[in-house]
2 protein chains.
Amino acid sequence: MKQLTVDAYVDGVRSADRSVLARAITLVESGHPRHQALAQEVLTRLLPFTGGSRRIGISGVPGVGKSTFIDALGMHLVGEGRRVAVLAIDPSSTISGGSILGDKTRMARLSRETAAYIRPSPSSGTLGGVARKTRETLLLCEAAGFDVVLVETVGVGQSETVVADMVDFYLVLMLAGAGDELQGIKRGILEVADMLAINKADGDNLPRAERARSELRAALHLMRPGNEPVVTTCSALEGQGIAKLWEALEAQVGKRVASGTLEQRRRAQQVGWMWSMVQDGLRAALHANPTVAALVPVLEAEVREGRATPTSAALRVLESFLPTSRA
Amino acid sequence: MKQLTVDAYVDGVRSADRSVLARAITLVESGHPRHQALAQEVLTRLLPFTGGSRRIGISGVPGVGKSTFIDALGMHLVGEGRRVAVLAIDPSSTISGGSILGDKTRMARLSRETAAYIRPSPSSGTLGGVARKTRETLLLCEAAGFDVVLVETVGVGQSETVVADMVDFYLVLMLAGAGDELQGIKRGILEVADMLAINKADGDNLPRAERARSELRAALHLMRPGNEPVVTTCSALEGQGIAKLWEALEAQVGKRVASGTLEQRRRAQQVGWMWSMVQDGLRAALHANPTVAALVPVLEAEVREGRATPTSAALRVLESFLPTSRA
């Protein structure tokens, strides 16, 4: 595809031209060094026009009703006159081609709305690379004037943390399971959630969902005293509880805006992204070094089998990679 | 202090000579490159004699009764004919001189036992450096024939994770607080704990401790279904519940030994230590680079204020540090 000029990208994105926005995202996602340099130029020009959206992370295991929920929430927001972008982070998509689909059938109503924009997960790269692409796509969507950006994840691997590091607010969807158990609690998720919603709270399931909610509240009271996230129920299928949920969410985010903590959080996130990319880059350079690559399997075996200390092995790796750094 | 020969260190540690063990630990803790090289030689020679202990992490905020607990547990183990080493990781000790004291008054009974060895936290260095010193001290203690190594932490900062990464089993002490609340739950601690003990379960406090235990069990059932840690109560002051706790702990560790998961975990930990030291070394070299050091404050400000993208800033850091790595 022939590339546009920087000006054409910038103007197209700013005027919310959907085809230019899509091409700008494709540029950001490209692995080609020349595309990457161009993407950084475009993004730098657009930076002054970013920051205007509510950045909301939405997590939930498959089966929790995430697509239906986002469809319902998105339609509610569009109905309020907002423009909504939906992005996704799905680390499994690199291998499988994606369990978060980007197709039109998944969010049937929202995908037909001109005020909505749905983009599937970048489908190649490391988790760090996928995160970088999604963060930059988020900035593009903000520059294009979207009021709300929903970043969804299936919660595979470290993706919760990655999403938590790029959003203002983290919503986790759950189900009340058979018995009194909750389904879809992944390790670490209760620590980062700003709000938990028990979905499918409808019909026969309603009493179970209410019970699950009070148990979850008690658990969070123990785990995060003084910092308990809101726990609510909803039925995305029936559209129940969605408006109330968004109202509660807005109230929370509003407090953070007023207190200045949201701005602080975003600034800290940006500096954090820079350092995580430095770290990724160092790691990549280390493993691309042929001396190191030859040494690593030998050293790992020695350390694993107790023939070398981890410290001596680490020093040998560092000395091969940074020969000038030691006297 | 004049250094011993490698042979003298190795022989002294293996024959459990306390003064040589103390000198070997001091050597491991030294920041001097010559001492570090000598320490690695000694450790490499001792590696075949390591691995024979139960490595137990013990965490709890100040006030939970940690010293009294370790004193009581240590005495119980010594009474069973075991040799016990107590190490500590206290990242705050670098600044404050230490909130985990190494003096004889803290574990009054245990410190008088010849079958026990108590070593305070290394009091200088980064958390990574402190962790390295404690891991290597643990190996020295194993080579000296200690059957149980207790690694305690006050749970400041990331120290739980660091301790979890060097032990076989992680015990967390807690208190039942006023009302029904639990005190001393730190972010992330419920995720890594293998066992939780509510201490000071004595006198008037007993019903509260029992209630806290059942609530904690319910919470953990939600958080870690199928992988719930044991929750127990004890009174270190009165010596109640200590023997039972150790029995339960041994049973758990015994299962891991029998299934081979303990050995797997240790091997993975060793390789993990190697890589975390490589990462620490890379970070140190990066920040020691004068070009990078001059650039970082400028770039961080640009990124924080939204004038540069995190990606472009990261590339500039990497290009200054690894000029040859890019075409």
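Basis of the calculations
Residues numbered from 1 in each chain as written. Chains lettered and ligands numbered in written order. Predicted model: local features only at pLDDT ≥ 70, side-chain atom pairs only at ≥ 80, totals over all residues. Heavy atoms only, no water. Helix = DSSP H or I, 4+ residues; strand = E, 2+ residues; numbered from the N terminus. Contact = heavy atoms within 4.5 Å. Areas by Shrake-Rupley, 256 points an atom, 1.4 Å probe, with all protein chains shown as cover. Salt bridge = Lys/Arg side-chain N within 4 Å of Asp/Glu carboxyl O. Buried < 20%, exposed > 50% of the residue type's maximum accessible area, 1.4 Å probe, protein only. Expected span 1.5 Å × (residues − 1). Domains from an automatic or database assignment. Buried area = accessible area lost by both parts, 1.4 Å probe. Polar contact = N/O pair within 3.5 Å; in protein donor to acceptor, adjacent residues only side chain to side chain. Pairing = 2+ DSSP bridges. Right-handed = clockwise from strand over helix to strand, strands pointing away. Core = buried A, V, L, I, M, F, W, Y, C linked by side-chain atoms within 4.5 Å. Phe/Tyr/Trp six-rings, centres within 6.5 Å; stacked < 30°, edge-to-face > 60°. Lys NZ or Arg CZ within 6 Å of the ring centre and 35° of its normal. Least-squares fit on C-alpha atoms with pLDDT ≥ 70 in both. Axes fitted to C-alpha atoms, helices over the stretch in contact; angles between N-to-C directions. Parallel < 35°, antiparallel > 145°, perpendicular 65-115°, else oblique. Left-handed = near helix turned anticlockwise from the far one by under 90°. Nonpolar A, V, L, I, M, F, W, Y, C, P; charged D, E, K, R; others polar.

With respect to the overall build of chain A
When you go through chain A residue by residue, the secondary structure sums to 13 helices and eight strands. Of the contacts made within chain A by residues no fewer than 6 positions apart, 74% connect residues no fewer than 24 positions apart. Within the structure as shown, chain A displays about 13600 Å² of accessible surface, and the carbon and sulfur contribution to it stands at 54%.

What about the pattern of salt bridges?
Residue and element names in this part refer to chain A. Applying the stated criterion to the full structure yields 36 salt bridges over all chains. The salt bridge partner of Glu 152 is Arg 106, with a shortest N-O separation of 2.6 Å. Of the two residues, Glu 152 is situated in strand S4 (residues 148–153) and Arg 106 in the loop between helix H5 (93–96) and strand S3 (116–118); the sequence distance between them amounts to 46 residues. Among the residues examined, Arg 106 registers a relative accessible area of 17% and is labelled buried.

Topic: helix H4 (residues 66–79) of chain B
Residue and element names in this part refer to chain B. If you check H4, its first and last C-alpha atoms are 20 Å apart, about what 14 residues at 1.5 Å a residue would give, namely 20 Å. Counting buried positions over the 14 residues of H4 gives 10, a clear majority of the element. Listing the buried residues of H4 in full gives Lys 66, Ser 67, Phe 69, Ile 70, Asp 71, Ala 72, Leu 73, Gly 74, Leu 77 and Val 78. On its buried face, H4 sits against strand S1 (54–59), strand S2 (84–89), strand S4 (148–153), strand S5 (169–176) and helix H10 (242–259).

Let's talk about the domain arrangement of chain A
Residues and elements named next belong to chain A. Taken domain by domain, chain A consists of domain 1 (1–48), domain 2 (50–258) and domain 3 (273–321). On the side of domain 2, 18 residues touch domain 1, which itself brings 17 residues to the contact. Roughly 1600 Å² of surface becomes buried between domain 1 and domain 2 when both sides are summed, with 58% attributable to carbon and sulfur atoms. Three residues, Arg 18, Ile 25 and Glu 29, lead the burial of domain 1 against domain 2; their summed loss comes to 34% of the area buried on that side. Applying the counting rule to domain 1 against domain 2 returns one salt bridge. For the pair domain 1 and domain 2, the interface holds seven residue pairs in polar contact (both at pLDDT 80 or more). Breaking the side of domain 1 that touches domain 2 down by element, the ones donating at least two residues are helix H1 (6–14), helix H2 (18–29) and helix H3 (33–46).

A short note on the pairing of strand S8 (residues 230–233) of chain B
Residue and element names in this part refer to chain B. Pairing analysis gives four bridges linking strand S7 (residues 195–199) to S8, with the strands arranged parallel. Residue Ile 198 lies in a different strand from S8, and its bridge partner there is Thr 233. Each parallel crossover has a hand, and for S7 linked through helix H9 (residues 206–223) to S8 it is right-handed.

What to know about the pairing of strand S1 (residues 54–59) of chain A
All names here are of chain A. With five of six residues buried, S1 is to be regarded as a mostly interior element. Both S1 and S4 contribute to a ladder of six bridges, which runs parallel. In the sheet register, Arg 55 faces S4, and the bridge partner there is Val 149. Taken together, the four bridges between S1 and strand S5 (residues 169–176) define a ladder with parallel strand orientation. Its bridge partner being in S5, Ile 58 is matched across the sheet by Leu 171.

Brief notes about the nonpolar core
Leu 190, Leu 196 and Leu 216 of chain A together with Leu 190, Leu 196 and Leu 216 of chain B are the most contacted members of the largest nonpolar core, which has 146 residues in total. For Leu 196 of chain B, the residues in contact, after removing those within four places along its chain, are Val 172, Met 174, Leu 190, Leu 216, Leu 220, Pro 229, Val 230, Val 231 and Thr 232 of chain B. Counting 32 residues, the second-largest nonpolar core is a separate cluster that includes Ile 70, Leu 150, Leu 171 and Val 253 of chain B.

Things to note about the packing of aromatic side chains
Across all of its chains, the model carries two aromatic pairs over all chains by this definition. Consider the rings of Tyr 117 of chain A and Phe 146 of chain A, whose centres lie 6.2 Å apart with planes at 40°: the pair is tilted. Of this pair, Tyr 117 of chain A sits in strand S3 while Phe 146 of chain A sits in the loop between helix H6 (127–143) and S4, and the two are 29 residues apart along the sequence. Over the ring of Phe 49 of chain B we find Arg 14 of chain B; its NZ or CZ atom is 3.6 Å from the centre of that ring.

Details of the interface of chain B and chain A
Taken together, the contact pairs 55 residues of chain B with 56 residues of chain A. For the pair chain B and chain A, the summed buried surface comes to about 4900 Å²; carbon and sulfur atoms form 70% of the total. At the junction of chain B and chain A, the tally comes to zero salt bridges. Secondary-structure elements contributing two or more residues to the side of chain B that touches chain A are helix H3 (33–46), helix H6 (127–143), helix H8 (189–192), H9, helix H11 (261–288), helix H12 (290–304) and helix H13 (310–321) of chain B. Ranked by the residues each element gives to the side of chain B that touches chain A, the list is headed by H11 of chain B, at 15 residues.

Focus: the relation of the copies chain B and chain A
In the superposition of chain B on chain A (RMSD 0.0 Å, axial shift 0.0 Å), the rotation amounts to 180°. Seen this way, the second copy is the image of the first under a two-fold rotation axis. Taking C-alpha positions as the reference, the residue of chain B nearest the rotation axis is Ala 219 of chain B, at 2.3 Å. When the interface residues of chain B are mapped onto chain A, 100% of them again lie at the interface, so the same face is used by both copies.

So, the packing of helix H11 (residues 261–288) of chain A against H13 of chain B
As a packed pair, H11 of chain A and H13 of chain B sit with axes 8 Å apart at the nearest point and diverge in direction by 40°. In terms of axis orientation, H11 of chain A runs oblique to H13 of chain B. You can see that H11 of chain A and H13 of chain B cross each other, and the crossing is right-handed. Within the contact between the two elements, H11 of chain A uses Gln 270, Trp 273, Met 274, Met 277, Val 278, Gly 281 and Leu 282 of chain A and H13 of chain B uses Pro 310, Thr 311, Ala 313, Ala 314, Val 317, Leu 318 and Phe 321 of chain B. In terms of residue class, the contact of H11 of chain A with H13 of chain B is made up of 11 nonpolar, three polar and no charged.

Remarks on unusual backbone geometry
Glycine aside, the phi torsion of most residues is negative, and most peptide linkages are trans. Residues and elements named next belong to chain B. At Ala 16, a position not held by glycine, the phi torsion is positive, near 60°. Of note, Ala 16 is situated in the loop between helix H1 (6–14) and helix H2 (18–29). Residues other than glycine seldom take positive phi values, yet Lys 200 does so here, at roughly 60°. Within the secondary structure, Lys 200 is located in the loop between S7 and H9.

Regarding the environment of Asp 7 of chain B
Residue and element names in this part refer to chain B. Topologically, Asp 7 is positioned in helix H1. On the basis of relative accessible area, Asp 7 is assigned to the partly exposed category, the value being 43%. With 35 residues separating them in the primary sequence, Asp 7 and Val 42 have C-alpha atoms 7.9 Å apart.

Considerations on the packing of H1 of chain B against H2 of chain B
Residue and element names in this part refer to chain B. Where H1 meets H2, the axes come as close as 8 Å, and the angle between the chain directions of the two elements is 125°. Considering the angle they form, H1 stands oblique to H2. Here the hand of the crossing between H1 and H2 comes out left-handed. Here Ala 8, Tyr 9, Gly 12 and Val 13 of H1 come into contact with H2, specifically with Val 20, Leu 21, Arg 23, Ala 24 and Leu 27. Along the lines of polarity and charge, the residues of the contact of H1 with H2 split into seven nonpolar, one polar and one charged.

Quick notes on the side chain of Arg 213 of chain B
Residues and elements named next belong to chain B. For Arg 213, the location among the structural elements is in helix H9. A polar side-chain atom of Arg 213 sits 2.9 Å from a polar atom in the side chain of Glu 210. For Arg 213, the residues in contact, after removing those within four places along its chain, are Ile 198, Val 231, Thr 232 and Thr 233.

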